[in-house]
Structure formats: structure tokens, C-alpha cells
Amino acid sequence: MGPDSEPVHLQDPWTEAEARAGDEGARRPWHALTAAEVLSVLGVSPGAGLSAAEAARRLRDLGPNLAPAARGRPATLLLLAQFRSILVYVLLVAGAVSLALGDTFEAAAIGAIVLLNAMLGFAQEYRSQRALEALRSMVAPEATVLRDGRPARMPAAGIVPGDIVLLESGDIVPADGRIIEAASLQVSEALLTGESTPVDKGPDPVGLDAVLADRTSMVFQGTVVTSGRGACVVVSTGSQTEMGRIAGLIAAPKEEMTPLQQRLEGVGHFLLFGALLLCVLVFVIGVARGIDAGEMFLTATSLAVAAIPEGLPAATTLVLAIGVQRMASQNAIVRRLSSVETLGSVTVIFTDKTGTLTENRMTVERLWTPDGREEALLAAVLCNNARLGGDGEPEIGDPTEIALLAFALKSGLDPEAARRDHPRLSEIPFDSSRARMTVTVGGPDGRRAAYMKGAPEVVLPLCDISPAGAEEEAARMASDGLRVLALARRDVTQKDDPDIERGMRLVGLAGLWDPLRPEAPAALRQAAAAGVRVVMLTGDHPATARAIAARLGLEGDVLTGREIEALDPDELRVRAAGATVFARVTSEHKLRIVEAARRGGEVTAMTGDGVNDAPALRAADIGIAMGLGGTDVAREAADMVLVDNRFATIVEAMRQGRAIYANIQRFVHFLLSCNLAEVAVIFIALLVWSASPLTPLQILFVNLLTDGLPALALGLEPVDPMTMTRPPRRPGAGIISKRSLMPIVGVGGVVAACTLVGYALGREWGGAALGRDMALATLVGAHLAVAFVFRNESRPFFALRANHWLTAAVASSALLLVGLYEAPFLSERLDVHSLAWKHMAVVAALSLAPLAVGEAAKVSGVLRRAGLLPEGV
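For clarity, every value in this text was computed on a predicted model and none was experimentally measured.

Trainee: Which residues make up the sheet that holds strand S21 (residues 622-626), and what values go with them?
Mentor: Strand pairing within a sheet occurs via backbone hydrogen bonds; the two strands may be parallel or antiparallel. Within the open sheet, the eight strands sit side by side as S8-S22-S21-S20-S9-S17-S19-S18. Their pairing is mixed. Edge positions in the sheet fall to strand S8 (332-334) and strand S18 (557-560), since each has one partner strand and no second. Strand-to-strand twist in this sheet, taken as the mean axis angle between neighbours without regard to direction, amounts to 20°. Where strand S17 (residues 533-537) meets strand S19 (residues 579-583), two bridges bridge the pair, whose relative direction is parallel. Paired with methionine 536 across the two strands is valine 581, which belongs to S19. The sheet strands contacting helix H22 (residues 569-577) are S17, S18 and S19, and the helix crosses S19 at an angle near 115°.

The following block contains the structure:
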């Protein structure tokens, strides 16, 4: 197009296509138009390209060729957003009350906890905003463009629709383009499709409904030219490219709370309203019983603060952080603390095939030959442009050709020696339209031979000699999920034989595939035993995907990308629930699959390594990126990164996640039981004796001892061996369930009863002062003892693996309790007095009674389940 040509307006290219190309049918996408039609639509000459003036106009109208800028919030707003939690509000109020009551240590501890959680949340959200920056950096910095009839290197940001881009091996494609010329052009599209095998490209249009992986007439921004050369006309830039559209999907904020955050938010609401109700109720009862209103206000307020387990966020953060360290030792790097627990809630894993379930390397699994392997191996080596690495040098070439060389070497044929003995004389290169490659070589005896390799459906018709059973064997290999190559040979008598590719003789069929990781089938079985459904997502052909799924032991429906596009969201949700494999899927398909599963109530995990996986990684409850060979975009969009890319690592991480949630549940139940006991003691004492058995400072001291070290130690409970034999938690299940209310209320009630007995005996033996001393010691001692009850809901603690952290924590808190009574500077401030041996013996017995009751209940349950105890006992 010259400088005086009529400018083209690109707002509605389909109208241009119909007008210029005479298209009277339905509007067609770029890949379905002929190269001439696309050039006509864009108003450009393939030999001259755009003029500088026209390119400048288009750049001004359409904008630079850059991914959309990140729409992240400023850092200050990100930080403030971390305080939007009901539990944080409750803790801030509790801290203010503690400060007003003169307990500066308690107030400082609460403030430190709130600040720590806010900083952790800020850090994780700030990191997630870097995903788009990684994506923008992947755009080619420069490209060769035809302008005013001359090729010129220019920044990729300045490329516009209509530009003619010249492509060479090693180039990064700068924008989405329609191929207009190709010579043995191959492009690696792993970033977009997830498949590592390079794709043959050519100018011929493809079908209207071709999915991304089948659009061989197109090249896409960010992909890499692996071999050959070609030219394309740019059809989309910036946010309109496939890469740009993915960037738009990533830019959508991930605002949903994780399952753990949702459950803790529910606990926070419960605690807030419970504490307020308790404060009012205790105050009213105390005043009604004749206690001074000022004293009663302090007591009621202290009790409300004590009812709020300020140790909950600290214990949660510590347990999650330790879980992160444990997972790191298992090659799983967690980027968000809350994701540790989310893994334990997962009900379905959507996993990429290549590199996760397979080893991401092509190998020859089967070689069929009619008359021995020698000629087939020679054909595989000579009709081949790859090079094997050695002495630290990398392998060079197409993965399929590298696999053929490696197989030949393993079979005893040295590729380099064979090539020296049979020097290449000529080559007819492979291209997608021919689906074959042919070379002519010389031999040690001076005779020439031609070797061919290619698709069986192309090579077999060119063979005069095709052994019986060859077609059946090729079909059998294909049905087993193998990529089949036919190998053929013929003698050459003429130097320039125009029929060099005819009269061939089939010498073998090679079946190649990406082998399964050895541990993958066992890991899939373990996931199934844990009640987790595994679904494979792949760009492979449905037949290949079905064959691989069968080898992995995955059974169920196979859905294709085209079928997904034909389903509305509700239909997809129903169909996806029964599917085990999704084949020929694109980035949008993966995103729709994840969203459909989440609408169906599933807790989803999604694995991926390419740019095409990033939107689905962000949309899933937990995104899992590959650390080996994965892209920065995928890693930044994910919540967890696998160092070794193994599916088995995901299963191990799930086991840790389940154990961590169980530990969080343990200390939450323990804390609530302790606080319930405190409330019950104060409430009942006010009703019976018109007096509180504990002063406001004593209430806060009890909270400090019981909400601190023992709760943290329960969060370090060893992993239960039965963890992966149980189904995942129901997505809507809370931390507190009907089943867990029994031990919470039951144990708390026994602790309260024992404390009230100690208070009554103390009043009887020495008045109100001794009653308070014995009540305080019994309450703390009983809380420390029942920490062992909460180690397991159904099995007695002495039947479990030792938790040395809990033993040390209980011992330390017990020493602090003793110090309270024996150290004057503590006893005077909290108004307690040293106990006589008789009183201490009673306190010890009362403290151990709840432990004995709780463990007896569990032992009876074990005996009943074993049939050794009648149901009524």
C-alpha cells in the first residue's frame, strides 16, 4: 500500500472482508480467510508492506502493541484492605479494652498479631499484581517488518495491524498474524496450548471452528519460531491478541476468600456477638445481685475480652507458616499462606498432562518392522536434522527427531557414525502440507539411497512394497495414544530422479509418546482414595487423550473444546461433573471449566505452566504452577509452585494441607472450650454466690496461659496416618460442626464444674480469698490437662504419636502457674496466695478430672466401635 492509497478503517474488518473479498456467507475469522482476503481486508501489499505514514496513523488510532497495564490497587489501599475482617475488628476492640484495664502486655500482644497478619496479607496481594508485569515482558522487544518496501528492525510496540512481519528461526512472534508465506516453518506454541511439540505453519486457511491448537494458518504473539522461515500479516496487536486477551483475564481481581478465611470469618462473627451478649448479661446479673456497678463493668468487660481467643490469629499464622516450610521440603513452594489449608479442602484437581502426569519428553515406545530393525533405525537417523547433546551440550532440534536418535543410539546404532558413512546428498524438507521428509544419501559402497519419514497415511500410499498388517499396526499404535511415523527406503539409480518419493519400501513404523511419570498412576490412586476427583486437561486429540487417561486409570467422559463452546454455563457445570478428560482445550476453555466446577460447589485446584493456563490458575481456589520450564506469568498467577513438576508432590501437599486444617480445628476447639469454661464459671458463680470467683486481671491471666503456648502446640500435632483415607471436607462445612460441639461443650462443662467445686471447697475451708485461689489454679490446671483431649476427636492421646511441643508447652504453662503463687511480684499484683499441700492436692485432682473424663469417653467409643462394649454403655 502506497502513501497515496485510501486509508483503511479497522473498526469493523468484517465489513471490509465482505466488501473486498466478495464474501456473501457468514463472517469468518482470520484463520478461515485466504491470505489474499486478509491482505485485502487490511489494505496492504505483501511485497511493499505499509507506508510509514499509514503505520503511524494506525498506531495513533489503535494504540501500541503492548499487553494491558495492570489494574492493581495502590499499595496503601492494599494495606488498608487487610484490616477488613470481623476477627480483626474484634481483636482491636479487645486490645483497646485490655489497655483501658491496665494490661499493656495483653494489648501489645494483640496489636502485634493484627499488624503481622496485615503485613502478610499485603505481601501476598502485592506479589499477585506482578503477574501482568511478567506477561508484558514476554512480548518480543524487536521484529523485522516490511515498511515502504524495505525490511527494517523496529520495536514490537510500534507494530500495527497490516504490518508484514518476516519470521526466522529463533524469532519471538511480536503480534498475532496470518501466515502469507512459509518454508518449513515451525512454531512452538507451548505458552498458549501447553503442548511442547512445535506446530507446522502454512498459508492455507483452516476450518471456521478450528480451535487455537489447530489454527495452522496463524502465528500468535509470544510464541517462538523453532525452524524454517516465513512471513505473516499482523491482524491483532496489544489487548486484541491471544496473549492480550489472556492478560485481560488475569487482570480480573481474585477477591474471593479462601475456605479457611471464610470459616475464620464465621468464627469471628460468632465471637463478636457472643462477647457482646455475654458482657451485657453478666453485667445485668451482677448488678441485680447487688455487686457494685463499676466492679461489675470491669468484670463483665474482662470476661468478654477473655471470651475472644486472641491467640487464634497467631496460632493460625504460625501453623500455616510451618506448613509452608514442610511443603517446601517436599518441593512445593507456597506463595500464599492461606493456600496451605486450601489444599486440604480440594475436591477436584484439574491437571495439565504434559510435564505433570508425563515426563515432557518424546520417546520411541514401539518400533514395528517387517524384516528386522537395522533399516528402520538407519532411516530414523538419516532422515533427521536433530543433534543429540553430549559433554554438557544441549540437544538441538525437533523433540520427535531427538527421540528417534536417542532410540537408535540405545538400540546400538551410533547416529553420528551412520551419518558419516552415509553423507547427505539432497533433502526435500518436511512441511505441513506434505506431512513427510525425504533425503538422499550416499553409501560406503558408492550406492545412493533415499529415505523417507512421515505420517503413515501419506507414506504408505507412496510405497510399492507395503507389508501385510502395516496399516492395522499403525491404527493400533494410534489408538494406544502413540504418535506414529512411517519409515521407508528405496534405491536411487538416477542422480536427479523426479520420482524420488515414489516406489518406496516400508521398513518400519515408530510409535512415540511422552511417557508417564513413574509415580503418577499411584499418586492418582491415592487422590481417588482421598475422595479427590482428578481431571486431565490437554491440547491433545481426543483419541490420544483418551488413551493416555486409560493408562493413568482415569475413567469417565471426554469433552472437547468445541463441545465446551456449544454448552451454556449450566450445561457445562453438569457435563463437567462427569468428565475426566478435556481435550483440545484453550485458555478460555480452561477458565470456563474451573468456573463451572466452582459454581457446582467444588473446591478446585488447577495446575499449569504456560501463559494459557494463567487465567484458570487465578480463577481456581488454588492455582499450582510448574517450576521446571514454566513461565513467569503462570508462577505469578498461581498460589503454589511445584519445584519438581510432579503430580505426586500435589498429593503430598494435599496431605499436609489436610493435616494443617485438622490442627487449626484442634486449637480452635480447644480455645473455645477453655473460654466457654471461663464464661460458665463466672456466670454460675454470680447466680449462686453473687460474687465473681476471678478478678478482671485474673481472667486476663487465665486467657494468657491457656490461649498461648498450649494452643500453638496443638497446631504442631503430627500428621495422622489416616488423613488421606478420608474424603475432603464438605465445601460449606465450618470449623465448628455439630459433631465438634459435643467435645467443646462437654469438656468445657466438666472444666467449669471442677473449677466451681474448687471454688466452693475453698470458700468452705478459708473464705472467698481461698476460694478464688483454688478456682484460678483449678481452671488453669484443667485447661492445660484437657489440651491432650483435643489432640484427637476419637482416639485417646496415649495411643497417638508423641507431640513433644505440647508436652513442653503444658509444662511451661504449669511452671508459670506455680510461679504466680510463689513469686511475690506476681502474686501481689494478681491478689493470689500460696496454697497449702492439702489444697494443692485437691487442685491437682480436680485439674486432672476433665482429662480422665474426656479420655474415658474416647476409650469407650473405641471399644464400642470394636464391638467390645454394648451401645448403651
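Trainee: Please provide a residue-by-residue account of helix H18 (residues 470-479), values included.
Mentor: Of the residues making up H18, those classed as buried are Ala470, Glu473, Ala474 and Met477. Within H18, the buried residues cover an arc of 100° as seen down the axis, which keeps them to one side. Just beyond H18, the residue with positive phi is glycine 481, at close to 85°.

Trainee: Account for the environment of glycine 511, naming residues and giving values.
Mentor: Inspection of the secondary structure assignment puts glycine 511 in strand S16 (residues 504-513). With 147 residues separating them in the primary sequence, glycine 511 and valine 364 have C-alpha atoms 5.8 Å apart. Setting aside chain neighbours within four positions, we find glycine 511 in contact with Thr363, Val364, Glu365, Arg366, Met477, Leu482 and Arg483.

Trainee: Tell me about the confidence of the model for the chain, residues and numbers included.
Mentor: Looking at the chain as a whole, the pLDDT averages 81, with 81% of positions reaching at least 70. Per-residue pLDDT stays below 50 along residues 1-26; that stretch engages in 48 contacts with residues further than four places along the chain or on separate chains. Counting interchain partners and residues more than four positions distant, the pLDDT-below-50 stretch residues 867-873 has seven contacts.

Calculation notes
- Residues numbered from 1 in each chain as written.
- Predicted model: local features only at pLDDT ≥ 70, side-chain atom pairs only at ≥ 80, totals over all residues.
- Heavy atoms only, no water.
- Pairing = 2+ DSSP bridges.
- Helix = DSSP H or I, 4+ residues; strand = E, 2+ residues; numbered from the N terminus.
- Axes fitted to C-alpha atoms, helices over the stretch in contact; angles between N-to-C directions.
- Contact = heavy atoms within 4.5 Å.
- Buried < 20%, exposed > 50% of the residue type's maximum accessible area, 1.4 Å probe, protein only.
- Arc of directions from axis to C-beta.
- pLDDT = per-residue confidence, 0-100.

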